[in-house]
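# Topology and contacts: notes
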Amino acid sequence: MSTASMFARAFIPALVATLAAGSVNAATLSEGFDTVLPAGWTAKNNSVPIGTTNWFQGNATVFGSQSGAANSYIGANFNNTAGAGEISNWLITPTLSFNNGDTLSFWSRSVTDSLYPDRLEVRFSNVGGTNVGNSDTSVGSFTSLLLSINPNLEQGGYPGEWTQYSATISGLSGATNGAIAFRYTVNSGGPAGDNSDYIGIDSVSITAAVPEPTTWALMALGLGAIGLRRRKQLQAR
């Protein structure tokens, strides 16, 4: 066996194991909302005026959960504001370390055949924390809009059955502390408003981007070649 082959055979498995171990600290989260609020999560209601509800444990008499016990989801509704008001109610994940390619997945729905449109934004902060500002229009550090469900507040635009959504983190320069926020935001909402009914969120997961084994192997081969070249240079002296 050649020196190069022996070097690669010893070097590559160790490097692949090191790279795989490094992914342990990447962003991972799984939440089924057996309790509300889950540990580490934050809720902030910036609705104007403030109503009688915030984010709450799912109400199984309105509809059951996507998975688990019938009430194991998180809900928000028209009573987040009072009268005819502006709803801006935030649900924020813990701060995690994100990389490009990390994926958010969750399920959401409204009431079947609802006459009152709902809307949900999913936003990302590349500094983490819970800064969403203090007004019904502010977004604080959550300036990146990952997706919007029923952005134009159309009747029937929010699904009346559990529907899965996903978004992928991108545009980061490297590992970045960040947080994801769900913003229930409805203009002219409330018990006397034209819009807003009831939404649920369930089965939230954040999955870290993990390089394929072939990518690890190619990286290892490249670094192995560099190491072998350096070794030959030293031997030639």
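A word on the overall build of the chain. A count of helical and extended segments in the chain gives two helices and 13 strands. Sorting the 237 residues of the chain into buried and exposed places 43% on the buried side. Considering only contacts in the chain between residues 6 or more positions apart, those separated by 24 or more positions represent 80%.

Bringing the pattern of salt bridges into the picture now. Per the stated rule, a full pass over the model turns up three salt bridges. A salt bridge links Arg109 to Glu161; the shortest N-O distance between them is 3.8 Å. Here Arg109, found in strand β8 (residues 103-110), pairs with Glu161, found in the loop between β10 (144-149) and β11 (163-168); they are 52 residues apart in sequence, far enough to count as distant. On the basis of relative accessible area, Glu161 is assigned to the partly exposed category, the value being 46%. Of the charged contacts in the structure, one is a salt bridge between Glu121 and Arg123, with a shortest N-O distance of 2.9 Å. For the pair formed by Glu121 and Arg123, the shared burial category is buried. What emerges from the salt-bridge pattern is a single network uniting Glu121, Arg123 and Arg183.

Now for the environment of Arg109. When its relative accessible area of 7% is taken as the criterion, Arg109 is described as buried. In the structure, Arg109 is positioned 34 residues away from Gly75 in sequence and 9.7 Å away in space, judged by C-alpha atoms. Among all residues touching Arg109, those that are not within four sequence positions of it are Phe63, Tyr158, Pro159, Gly160, Glu161, Trp162, Tyr198, Ile199 and Gly200. Polar side-chain contacts of Arg109 include one of 3.0 Å to the side chain of Thr112. There is a polar contact of 2.7 Å between the side chain of Arg109 and the backbone oxygen of Gly160.

Cis geometry marks the peptide bond from Val36 to Leu37, where omega comes out at 0°. Note that Leu37 resides in the loop between β1 (29-31) and β2 (42-45). Here the bond from Val48 into Pro49 is cis, since omega is -10°, no more than 30 degrees from zero. Position of Pro49 relative to the elements: it lies in strand β3 (residues 48-50).

Right, let's talk about the confidence of the model for the chain for a bit. Summary statistics for the chain give a mean pLDDT of 87 and a share of 78% for residues scoring 70 or more. Every residue in residues 11-25 scores below 50 in pLDDT, and together they form 14 contacts with partners more than four places removed in sequence or on other chains. Residue range residues 214-220 is modelled with pLDDT below 50. Its contacts to residues more than four positions away, or to other chains, number ten contacts.

Definitions and limits used
Residues numbered from 1 in each chain as written. Predicted model: local features only at pLDDT ≥ 70, side-chain atom pairs only at ≥ 80, totals over all residues. Heavy atoms only, no water. Helix = DSSP H or I, 4+ residues; strand = E, 2+ residues; numbered from the N terminus. Buried < 20%, exposed > 50% of the residue type's maximum accessible area, 1.4 Å probe, protein only. Contact = heavy atoms within 4.5 Å. Salt bridge = Lys/Arg side-chain N within 4 Å of Asp/Glu carboxyl O. Polar contact = N/O pair within 3.5 Å; in protein donor to acceptor, adjacent residues only side chain to side chain. pLDDT = per-residue confidence, 0-100.

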